[in-house]
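Report on the structure
What follows is each chain in one-letter form.
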Amino acid sequence: MKVEEVNGNIFYNGDCIVGARAHIPDDSVDLIVTDPPYGINGDRLHHHYNRDERFVVGGYVEVPASDYGDFSLRWIREAERILRPGGSIYIVSGYTNLYHILHALRETRLREVNHIIWRYNFGVYTSRKYVSSHYHILFYEKPGGERTFNLESRYGAGERGPDSGSLNYRDREDVWCINREYKPGQAKNKNELPAELLTKMIQYSSNEGDLVCDMFLGGFSTAKVAVGLNRRATGFEVSEQVFDLRIEELRDIGKGCLLSALRNPRTGEPENRGRPWTDADRETLLARFTGLIESGETKKRAIETLGRELGRGRWAIEKMLKKQGVRTGGRRGDGT
Ligand SMILES: C[S@@+](CC[C@H](N)C(=O)[O-])C[C@H]1O[C@@H](n2cnc3c(N)ncnc32)[C@H](O)[C@@H]1O
C-alpha cells in the first residue's frame, strides 16, 4: 500500500479496511468524517444538474450493489475500532443504500447522536418526479469517553438574528441547507463535499490538534478542511488515479489557513449557567416575572431582563418558568 506524508499528515493509497487494520491503532482517532461510495449500479445519481461531467476526475472506485451490505459492515467495524472512546463519526449517505449503513451501525456499539438531512442545490435532474436534493448524514459517537461538542464554536448561545431568533439554535438544527461548490473548469471528484459542510462538522466535533480521519478521501476535501482548521488529518483512497492527482492539492494547504476566515462567535457565558436552581431562585424568578409583566413589559423583554439579573441564559429562564406553570409563548430550544 502506497503511503504518502504531506506536512506531517499520513495518507494511504489503498483499501480502507485493509489499510486501517494495518496502520491505525485502536482508539486513536478523534473524529471520522466520511462519504463512502454509494454502491449505485448505472451511476445515474452522480450526474448533477448543471454540471459539466468532463471535469469529473476518473478512477472513482464503486462498490457493487450486491456487496454493499457486507462492505459497509466491514469498514464501519474498522471505524469503530480506531475511534477513541467519546470520538465522533459523520457518515454521508444517499438514500439508496442508507439501510445498509444504518444496519451496519446497529451491529456496532456506536451510538446515534443525530440523523442530519443535508439539503443541497444542483440535485439529480428528473422530469417525471421530484428532484432529489438531499443526503443523510449519520452522526454517531463511540461510547466510553467524553464527546467533543463545541456548542459555541460558531454562534454564541445568546446571539440573535435580525428576526431575534437564536443563531446558535438555528445552526444546530438537524436540517442543513448548504450549497455544493460550483467550480467551473476545475477537476472535481464525484460527489465532492463542500468545504462549508465539512467545516461545520469539524468545528463542532473536534479541537485544534485532534486527528481527523476520512476512510474514503476522494478529492481529499475532508483532509484539506481539517488541515486548514489546524487539525491533523489521515485517510484512505483506493484509486491510484484519484489519490495521485488530488493529494497534490493538499500540499498547498497551510496548517490553520482557514482559521482567520472563521466567524468570531460572541460567547460570554451567563455567570450562573449550569448552577442548580434553589427554592429562593425560583421564588425570585416568579415574583420578578409577575412584577415585570404587571408593569407592562412583554414576556420576551421580561425574560431578557431576568436573564441579565439572574445571570442565566434565556432558554434556562424560559424552561424554569414553564416548570413553574408559566406560559411563555413560542417554542424555544431545549436549553441543553
Ligand atoms: C463518494 S467518494 C468520496 C468523496 C470525497 N468525500 C470528496 O469530497 O471528494 C468515495 C471515494 O471512495 C473511494 N473508494 C471506494 N472504495 C474504497 C475503499 N475500499 N477504500 C478506500 N477508498 C475507496 C472511491 O474511489 C471514491 O474516491
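The sections below set out a description of the structure shown in this document. Each chain has its residues counted from 1, following the order in which its sequence is written. A pLDDT threshold of at least 70 governs which residues receive local features in this predicted model, and a stricter bar of 80 or more applies before side-chain atom pairs are shown or counted, although totals over entire chains, interfaces and linings include all residues.

1. Considering the overall build of the protein chain
Regarding its fold elements, the protein chain presents 10 helices and nine strands. Put plainly, a residue is buried at 20 or more neighbouring C-beta atoms within 10 Å of its own, exposed at 12 or fewer, and partly exposed in between, counting only other residues' C-beta atoms, which are placed from the backbone. Burial statistics for the protein chain: of 336 residues in total, 33% are counted as buried. Partitioning the contacts of the protein chain with sequence separation of at least 6, the portion at a separation of at least 24 is 72%. Only DSSP runs of H or I reaching four residues or more are called helices, and only runs of E reaching two or more are called strands; each is numbered from the N terminus. By definition, residues are in contact whenever their C-beta atoms, placed on the basis of the backbone, come within 7 Å of each other.

2. Observations concerning the environment of Arg81
As for its placement among the helices and strands, Arg81 is situated in helix α2 (residues 68-82). Taking the C-alpha atoms as reference, Arg81 lies 10.0 Å from Leu110; in sequence the two are 29 residues apart.

3. Quick look at the pairing of strand β8 (residues 211-214)
When a strand is regular, its side chains alternate between the sheet's two faces. The side-chain alternation of β8 yields two buried faces, one formed by Leu211 and Cys213 and the other by Val212 and Asp214. As judged from the four bridges shared by β8 and strand β9 (residues 232-237), these two strands associate in the parallel manner. Across the sheet, the residue bridging to Asp214 is Gly235, located in β9. Seen with the strands pointing away from the viewer, any crossover whose path from the first strand over the helix to the second strand runs clockwise is right-handed. In this fold, the crossover linking β8 to β9 by way of helix α6 (residues 221-228) has right-handed handedness. Strand pairing is assigned whenever DSSP identifies at least 2 bridges connecting the two strands.

4. Considering the environment of Glu283
Looking at the secondary structure, you find Glu283 in helix α8 (residues 279-294). Under the C-beta neighbour-count criterion, Glu283 is labelled exposed, with 11 such atoms within 10 Å. With 41 residues separating them in the primary sequence, Glu283 and Gln324 have C-alpha atoms 9.7 Å apart.

5. Quick notes on the nonpolar core
Membership of the largest hydrophobic core comes to 50 residues, with the highest contact counts inside it found for Ile32 and Ile202. Residue contributions to this core peak at six residues, all from α2. In contact with Ile202, other than residues within four places in its own chain, are Leu31, Val33, Val212, Val225, Ala226, Leu229 and Arg231. Structurally, a nonpolar core is described as a collection of buried Ala, Val, Leu, Ile, Met, Phe, Trp, Tyr and Cys residues joined by way of C-beta atoms within 7 Å. Phe289, Ala302, Ile303 and Met320 belong to the second-largest nonpolar core, a separate cluster that totals 11 residues.

6. Focus: the pairing of strand β3 (residues 29-34)
Most of β3 is tucked away: six of the six residues are buried. Bridging between β3 and β8 involves two bridges; their strand directions are parallel. Looking at β8, one finds that Ile32 is bridged to Cys213.

7. Some thoughts on unusual backbone geometry
One non-glycine residue with positive phi stands out, namely Phe220, at about 60°. Backbone geometry at Asn230 places phi at a positive 60°, although glycine is not the residue there. Structurally, Asn230 is set in the loop between α6 and β9. Exposure remark for Asn230: the 16 C-beta atoms within 10 Å place this residue in the partly exposed category.

8. Here's the deal with the packing of helix α9 (residues 299-310) against helix α10 (residues 314-323)
At their nearest, the axes of α9 and α10 sit 9 Å apart, and the two run at 110° to each other. Here α9 is positioned roughly perpendicular relative to α10, judged by the angle of their axes. The residues of α10 that touch α9, namely those facing Ile303, Glu304, Leu306, Gly307 and Leu310, are Arg314, Ile317 and Glu318. The residue inventory of the contact of α9 with α10, partitioned by class, reads four nonpolar, one polar and three charged. Here the axes come from fitting lines to C-alpha atoms, over the contacting stretch only for helices, and the angles between their N-to-C directions go from 0 to 180 degrees. Note on angle classes: values under 35 degrees are labelled roughly parallel, values over 145 roughly antiparallel, values of 65 to 115 roughly perpendicular, and the remainder oblique. Basically, the charged four are Asp, Glu, Lys and Arg, the nonpolar ten are Ala, Val, Leu, Ile, Met, Phe, Trp, Tyr, Cys and Pro, and anything else, Gly included, counts as polar.

9. Considering α9
With 12 residues, α9 should reach 16 Å at 1.5 Å per residue; the first-to-last C-alpha distance of 16 Å fits that figure. Among the residues of α9, Ala302, Ile303, Leu306 and Leu310 are the ones counted as buried. The buried residues of α9 occupy an angular sector of 100° when the element is viewed end-on, so they sit on one face. For α9, the exposed residues lying more than 90 degrees away from the buried face are Arg301 and Arg308. Contact partners of the buried residues in α9: α8 and α10. Just past α9, the residue Gly311 takes up positive phi, approximately 65°. Here, expected helix span is obtained from the residue count minus one, scaled by 1.5 Å. Along the arc lie the directions from the helix axis toward the C-beta atoms.

10. Concerning the packing of helix α5 (residues 195-205) against α6
α6 packs onto α5 with a crossing angle of 55° between their chain directions and a minimal axis gap of 9 Å. Here α6 runs oblique to α5, going by the angle between their axes. Considering only the axes of α5 and α6, their crossing is right-handed. Taken together, the residues of α6 that come into contact with α5 (itself represented by Ala195, Leu198, Thr199 and Ile202) are Ser221, Thr222, Val225 and Ala226. Here the contact of α5 with α6 is composed, by residue class, of five nonpolar, three polar and no charged. By convention, the crossing between two helices is left-handed when the near helix turns anticlockwise from the far helix through less than a right angle, and right-handed when the turn is clockwise.

11. Digging into the environment of Arg172
Turning to its location among the elements, Arg172 is positioned in the loop between α4 (167-171) and β7 (175-177). Assessed through the 17 C-beta atoms surrounding it within 10 Å, Arg172 is described here as partly exposed. Taking the C-alpha atoms as reference points, Arg172 and Arg154, 18 residues apart in sequence, are found 9.8 Å from one another.

Honestly, it's all geometry; don't read function into it.
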